[in-house]
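Coordinates in review
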Amino acid sequence: MAISSFFNSPRTVFSAATLLRAGFLLYGLFQDAFSPMKYTDIDYFVFTDAAHFIAQGKSPYARDTYRYTPLLAWLMYPTTWPGFWFSFGKVLFAIGDIVTGWMMFRILRTHQNMSQERALKYASIWLLNPMVATISTRGSSEGLLGVFVTALLWAVLAERIPLAGFLLGFAVHFKIYPFIYAASIVWSLDDNRKNRVTSVSSSPITQAIKFLTPRRLVLAAYSLLAFSALNAVMYLAYEWPFLEHSYFYHLVRIDHRHNFSPYNILLYLNSSLRADSATHASSSMELERLAFVPQLLLSAVMIPLALAKKDLPSTMLAQTFAFVTFNKVCTSQYFLWYMMFLPYYLPDSTLLRSRRIGITSLVLWVLGQAAWLHQGFQLEFNGQSTFVPGLWGSSVLFFGINVGILSIIIRDIRSKESSKSYVKAGKST
């Protein structure tokens, strides 16, 4: 009864979510002051250092390892002011978490026709999740990314196509990976599907013309306009370093620390080879690029084509899950990328319908991380060589667990009917 009454009030749930993040922020200040192991994420110092360079009239890329859009450094500008303002970015990211949760609640209410209590329960998977709150209050910018991606989903479901196009272009500028959603969104925008001609005799040109519907063209135009305009402004301000660090760097990055990916050991070895020989660097670079082939083929092509017309939010979950699982760099922050889609998928999922499958999947997912973190701790803090079989074996184990969960998600989506019915129902409300 108490739990039910708690989820009857949006004010109660959102107040609890706010207090949760405020508690983590205050605890973080205490840990940073008195513990040798800091609460604040190293990336937050990168953001704030870049902001200090901007305050001095310099480029944010004067800060080594700053690999983001200059917009993020400009958003961090208040952290250059004295006093508590250093935590401004953490507060901003935490607010982003709350805004994302509010939009999730509205999508569940409006476009999936949930009752208020049920919608709040599923939105709380994000709002009251300690992992989500911790990552944002440590200074990771994923909270802001959640705002952009969730707003994009809302705009598509509400059929606000120009806005959806703008948000897609903006999100890709802010963080490259949301480009994978373009295929699903475009494929889901299928006008007059019931009346379309499916004759195999149609020429490729005819099929292409039918595919280029007004809504798809508007989406493409607005997204390209937003993306191009932002990049043009940033290039005029910061020239080649902007392109190099914001985009091209991610094609050859070899981050091996805190990386759950099975590519972890390969990247570690390649980082040593690059330090030893330019020849080795060239060959390792080519090998690393192959990691994009299965990742993008699955997340940006196969999953959208197979699933997007059945259930767009769940398809975006499957895409993100595949992108993160098959990425050559996989850190805890990336888990938030797919967690923001869980409230839309879980209500009718096998993971909830079958407690055995759901609990087993969750336990294995947590244990897979724990196994890797144990090996990583022994390596990075105790100086023990745990590369093989420990670190590599735990990476492969975690990869296998994630592939298994992904297969459950894909099977669930394939069994669904078209999502058009609830999108139109949502629009009419």
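Residues numbered from 1 in each chain as written. Predicted model: local features only at pLDDT ≥ 70, side-chain atom pairs only at ≥ 80, totals over all residues. Heavy atoms only, no water.

Summed over all chains, the structure comprises 35 aromatic pairs. Consider the rings of Phe14 and Phe105, whose centres lie 6.4 Å apart with planes at 70°: the pair is edge-to-face. Taken as a pair, Phe14 in helix α2 (residues 10-34) and Phe105 in helix α5 (residues 88-110) lie far apart in primary sequence, 91 residues in all. Comparing Phe14 with Phe105, the two get one shared label, buried. (Phe/Tyr/Trp six-rings, centres within 6.5 Å; stacked < 30°, edge-to-face > 60°. Helix = DSSP H or I, 4+ residues; strand = E, 2+ residues; numbered from the N terminus. Buried < 20%, exposed > 50% of the residue type's maximum accessible area, 1.4 Å probe, protein only.)

Moving on, we get to the packing of α2 against α5. Axis separation between α2 and α5 bottoms out at 11 Å; the angle between their running directions is 160°. Taken together, the axis directions place α2 and α5 in an arrangement best described as roughly antiparallel. Crossing angle aside, the handedness with which α2 passes α5 is right-handed. In contact with Pro10, Phe14, Ala17, Thr18, Arg21, Leu25 and Asp32 of α2, α5 contributes Lys90, Val91, Ala94, Asp97, Ile98, Gly101, Trp102 and Phe105. Of the residues that constitute the contact of α2 with α5, the class distribution is nine nonpolar, two polar and four charged. (Axes fitted to C-alpha atoms, helices over the stretch in contact; angles between N-to-C directions. Parallel < 35°, antiparallel > 145°, perpendicular 65-115°, else oblique. Left-handed = near helix turned anticlockwise from the far one by under 90°. Contact = heavy atoms within 4.5 Å. Nonpolar A, V, L, I, M, F, W, Y, C, P; charged D, E, K, R; others polar.)

So, on to the pattern of salt bridges. All chains considered together, the criterion is met by nine salt bridges. Here Lys121 and Glu117 are joined by a salt bridge, their closest N and O atoms 3.3 Å apart. Of this pair, Lys121 and Glu117 are both found in helix α6 (residues 116-127), four residues apart, which corresponds to roughly one turn of the helix. Residue Lys121 is classed as partly exposed on the basis of its relative accessible area, which comes to 39%. Residue Glu117 is classed as partly exposed on the basis of its relative accessible area of 22%. (Salt bridge = Lys/Arg side-chain N within 4 Å of Asp/Glu carboxyl O.)

This part covers the UniProt feature "transmembrane region" (unreviewed entry) in the protein chain. In the numbering adopted here, UniProt assigns the feature "transmembrane region" (unreviewed entry) to residues 12-30, 84-105, 126-157, 163-189, 217-238, 320-346 and 391-410. Taken end to end, residues 391-410 is 100% helix and 0% strand, and its first and last C-alpha atoms sit 29 Å apart. (UniProt positions renumbered as here; feature names shortened; annotations may be inferred.)

Before going further, it helps to spend a moment on helix α8 (residues 142-157). With 16 residues, α8 extends 22 Å from end C-alpha to end C-alpha; this agrees with the ideal 22 Å at 1.5 Å per step. Of all 16 residues in α8, 15 are buried; the element is thus mostly enclosed. The first or second residue beyond α8 is Glu159, which carries a positive phi of 60°. (Expected span 1.5 Å × (residues − 1).)

The terminal C-alpha atoms of α2, which comprises 25 residues, lie 36 Å apart, in line with the 36 Å expected from a rise of 1.5 Å per residue. Where α2 is concerned, the buried positions are Val13, Phe14, Ala17, Arg21, Leu25, Gly28 and Gln31.

When pLDDT is averaged across the protein chain, the result is 88; 87% of the residues are at 70 or more. Segment residues 278-285: pLDDT under 50, and six contacts once partners within four positions in sequence are set aside and those in other chains are kept. Low confidence marks residues 419-429, where pLDDT is under 50. Its contacts with residues over four positions away, or in another chain, come to 26 contacts. (pLDDT = per-residue confidence, 0-100.)

Residues Leu297, Val301, Met302 and Leu305 make up a contiguous nonpolar surface patch of roughly 360 Å² in combined accessible area. Checked against the element boundaries, Met302 lands in helix α15 (residues 292-307). (Patch = residues over 30% accessible without salt bridge, like charges linked within 9 Å, V, L, I, M, F, W, Y side chains within 5 Å. Areas by Shrake-Rupley, 256 points an atom, 1.4 Å probe, with all protein chains shown as cover.)

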